[in-house]
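Chain and residue survey
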Amino acid sequence: MTQVASTVTVPFTANVGGFMGGMKSAMGALQKFQVTTGKTSGSLGKMGAALGVVSAGLAGLKVASKSVETFKKFESAMTRVQAVSRANNKEMELLSEKTSKVASATTFTATEVAEGMGFMAMAGMEVSTILDSVADAANLAQAAQMGMAEASDIVTNIMKSMGLSATEVTEAVDLLVATQSRANVTVRMLGEGMKYVGPLAKSAGLTLTEVSAAMGNLGNAGIQASMAGTTMRQAIQNMMNPA
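What comes next is a walk through the structure.

Rules of the game
Residues numbered from 1 in each chain as written. Predicted model: local features only at pLDDT ≥ 70, side-chain atom pairs only at ≥ 80, totals over all residues. Heavy atoms only, no water. Helix = DSSP H or I, 4+ residues; strand = E, 2+ residues; numbered from the N terminus. Buried < 20%, exposed > 50% of the residue type's maximum accessible area, 1.4 Å probe, protein only. Areas by Shrake-Rupley, 256 points an atom, 1.4 Å probe, with all protein chains shown as cover. Core = buried A, V, L, I, M, F, W, Y, C linked by side-chain atoms within 4.5 Å. Contact = heavy atoms within 4.5 Å. Polar contact = N/O pair within 3.5 Å; in protein donor to acceptor, adjacent residues only side chain to side chain. Axes fitted to C-alpha atoms, helices over the stretch in contact; angles between N-to-C directions. Parallel < 35°, antiparallel > 145°, perpendicular 65-115°, else oblique. Left-handed = near helix turned anticlockwise from the far one by under 90°. Nonpolar A, V, L, I, M, F, W, Y, C, P; charged D, E, K, R; others polar. Phe/Tyr/Trp six-rings, centres within 6.5 Å; stacked < 30°, edge-to-face > 60°. Lys NZ or Arg CZ within 6 Å of the ring centre and 35° of its normal.

Overview of the overall build of the protein
Helix and strand content of the protein: nine helices and zero strands. In sequence order, the secondary structure elements of the protein are arranged as α-α-α-α-α-α-α-α-α. The 243 residues of the protein split such that 32% are buried. Here the protein has roughly 14600 Å² of accessible surface; of this, 60% comes from carbon and sulfur atoms.

Structural data, given as C-alpha cells:
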C-alpha cells in the first residue's frame, strides 16, 4: 500500500511543480506585455491628441476659407451695385449697412441682399430709393419663396412696364403678395404675364391693381403666366379697337 502511495505522489508532485513553473513564466510574460501595452497606449494617446489638434486646425482653416469666400462674393456684389448706381463712398457705406440690417431681419445673406440691390440699380433706382425699398423686395422674395435677385427683378420690371415711379415699390410689393395669397397664381406667374400685357395695359389706362386682379381671376380659371398675359393683351386690344 505504501509503495502504491509513493508511486502516485511523486508524479503528481512533479506535475504540480511543472505547472507552477509554467504559471510563473506566463505571469512574467503577461507583466512584460502590460508594460509594453502601457507604453504603446501612451504613445497612441499622444498620437491621438496630436491628430485631434491637427483636425481642429484643419476645421479652423476650412471655416476661415469659407469666410474669405463669402466676403469675396459680398464684395463682388457690392462692387456691381456701385458700378451701376454710381454711388459714392458715403452712399456705399449706407448701402453696406443696409444689407446687414436686411440680412439680419430675413432669411437672406448680405450677399443676396446686395444682389437684389444690383437689380434695383439696373432698373434706374436712385441710391436713396434702393435704401428705402430693399426691405420690401426682401419681404416679396420671402413671401414668393424666391431669391432676392429674382424678386427685385420681377417687381422692378412690373413697375417699369406699368409706368410706376421708383418710390411706389411698397405699394407694388403689397399688391403682388396680396394677389398671390388670394388667387391661384404666384408672383413669378404675375411677373411672366406682365411681360406680355404691362405696356399695353398702361397705354389703355389700366392700373396695376386692375391688371393684377384680372390676372388673378384668369389664374383661378387655370390661365396663368404668359398665357394670362397674352389673353389679357388680346382682350385689351379688342377693347381699344372694336370690330
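So, the nonpolar core
With 53 residues, the main nonpolar core has Leu95, Val113, Met148, Met194 and Val211 as its most contacted residues. Top element by residues in this core is helix H4 (residues 127–144). It accounts for nine residues. Not counting residues within four places of it along the chain, the set of residues in contact with Met148 comprises Phe108, Glu112, Val113, Gly116, Val134, Ala137, Ala138 and Ala141.

Some details on the side chain of Ser85
With respect to the element layout, Ser85 can be found in helix H1 (residues 2–85). The buried category is assigned to Ser85, whose relative accessible area is 17%. A polar contact of 2.6 Å, which involves the side chain of Ser85, links it to the backbone oxygen of Val81. For Ser85, the contacting residues outside a window of four places in its chain are Ala121 and Val127.

Digging into the packing of helix H6 (residues 169–182) against helix H8 (residues 208–220)
Contact geometry for H6 and H8: axes closest at 10 Å, N-to-C directions at 15°. By the angle between their axes, H6 is roughly parallel relative to H8. Helix-helix and strand crossings are classified by hand; for H6 and H8 the assignment is right-handed. Between H6 and H8, the residues in contact are Ala172, Leu175 and Thr179 and Leu208, Thr209, Ser212 and Gly216, respectively. Among the residues making up the contact of H6 with H8, the classes are represented as three nonpolar, four polar and no charged.

Focus on unusual backbone geometry
Positioned with a positive phi, Arg86 is a non-glycine residue whose angle comes to about 60°. Following the sequence through the fold, Arg86 ends up in the loop between H1 and helix H2 (89–105). Arg86 sits in the exposed class, given a relative accessible area of 75%. Even without being glycine, Gln145 reaches a positive phi, approximately 55°. Within the element layout of this structure, Gln145 appears in the loop between H4 and helix H5 (148–161). We classify Gln145 as exposed; its relative accessible area is 71%.

Considerations on the environment of Asn220
In this structure, Asn220 sits in helix H8. With near-sequence residues (within four places) excluded, Asn220 lies in contact with Ala183 and Asn184. In terms of polar contacts, Asn220 uses its side chain to reach the backbone amide nitrogen of Asn184, at 2.8 Å.

Quick look at the packing of aromatic side chains
Using the criterion set out here, one finds zero aromatic pairs in the structure. Directly above the ring of Phe119 sits Arg80, whose terminal nitrogen or CZ lies 5.4 Å from the centroid.

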